[in-house]
Amino acid sequence: MKVHREGTGLLLSVFTFLFVVNLTLYYTVGKGHLFYISISLSAALFLLILNFFRSPFRRFPYDSEGLVIAPADGTIVAIEEVMENEYFHEKRLQISIFMSVFNVHANWFPVNGIVCCVSHQAGRFRAAYLPKSSTENERSTIVITTRHNVDVLTRQIAGALARRIVTYARVGESCHVDEQMGFIKFGSRVDLFLPVGTEVLVELDQKVTGNQTPVARLHKINYDYSSPL
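Sequence order as written defines the numbering, with residues in each chain counted from 1. In keeping with the model being predicted, local features are shown solely for residues with a pLDDT of at least 70 and side-chain atom pairs are shown and tallied solely at 80 or more, while totals for entire chains, interfaces and linings include all residues. Water and hydrogen atoms were dropped before computing side-chain values, which therefore reflect all heavy atoms in the structure.

The next thing to look at is the overall build of the protein chain. Of regular secondary structure, the protein chain possesses three helices and 16 strands. Contacts: residue pairs with any heavy atoms within 4.5 Å of one another. Put simply, of all contacts in the protein chain between residues at least 6 apart along the chain, 72% involve residues at least 24 apart. What sets the accessible areas is the Shrake-Rupley method with a 1.4 Å probe; for residues, cover comes only from the shown protein chains. Working note: accessible area of the protein chain is about 11,500 Å², and carbon and sulfur atoms make up 59% of it. A run of H or I in DSSP becomes a helix once it reaches four residues, and a run of E becomes a strand once it reaches two; helices and strands are each numbered from the N terminus.

Rendered as structure tokens:
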């Protein structure tokens, strides 16, 4: 387990601040109750932030052909057919994963393919588990075209605490399920928008692991074998 690159600067700043605060307390009040309480709270806070920015090494252990792999750690909070009005402008199957502050917040590509669209939309910072967060919160959208010409949309959504979405995907680049797609700082959510008729492999309230848990299987009727990809 290592620290994610998105957290190194923040962790260094927090450590420096806490070190100065506790050193000041030590030289002003000595080793009293206040000093030991401050040391304990500082250690707990630093470990919580360190835990949030952990970056596990993961590889999907099976053949991912036709599968959609969870792009993030968390809990399945929505499985439903909805109108997707920002890119497809048609009905899509939405699968949503809510990430708490205790989950790994790195995001992985859910399928292999070519990145055909990357966009960022400004918005609000509502609680990420609310249904409206998908269309009203700050968010980044990544659309991937698989080699069978199926478009899979992944949306990174900021939550009440998350104030920065990092997206590594670039239009025209090839992507693989074992590669990180981005990172969301603190509590947040990731939505998948798949073709209607896609087979769902998860249930509501199920815990999933990013780049490890298959969440859906693209049905063969969605495949276009004439695609040059």
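Having seen it, we continue.
On the basis of which strands lie adjacent, the open sheet formed by eight strands has the order S11-S7-S8-S9-S13-S5-S4-S15 and antiparallel pairing. Two strands bound the open sheet, and with one partner strand each, they are strand S11 (174-175) and strand S15 (207-208). Two strands pair when backbone bridges link them, and strand S5 (residues 90-99) and strand S13 (residues 188-194) are joined in this way by seven bridges, in the antiparallel orientation. Opposite Ser 96, over in S13, you have Asp 191 as the bridge partner. Pairing between strands requires that DSSP locate at least two bridges from one strand to the other.

This brings us to the packing of aromatic side chains. Ring pairs shown here join Phe, Tyr and Trp side chains whose ring centres sit within 6.5 Å, with only the six-membered ring taken for Trp; geometry is labelled stacked below 30 degrees between planes, edge-to-face above 60, and tilted in between. Within the structure shown, the criterion is met by seven aromatic pairs. Considering the side-chain rings of Phe 60 and Tyr 62, the 5.9 Å spacing of their centres and the 80° angle between planes classify their relative orientation as edge-to-face. We call a residue buried when its accessible area falls under 20% of the maximum for its residue type, exposed when it is over 50%, and partly exposed in between, using a 1.4 Å probe and counting protein chains only. For Phe 60, a relative accessible area of 8% corresponds to the buried category. Judged by its relative accessible area of 63%, Tyr 62 falls in the exposed class. An aromatic cluster is present here, built from Tyr 26, Tyr 27, Phe 35 and Tyr 36 joined pairwise through their rings. Geometrically, a lysine NZ or arginine CZ counts as sitting over a ring once it is within 6 Å of the ring centre and also within 35 degrees of the ring normal. When the ring centre of Phe 88 is taken as reference, the NZ or CZ atom of Arg 92 above it lies at 3.7 Å.

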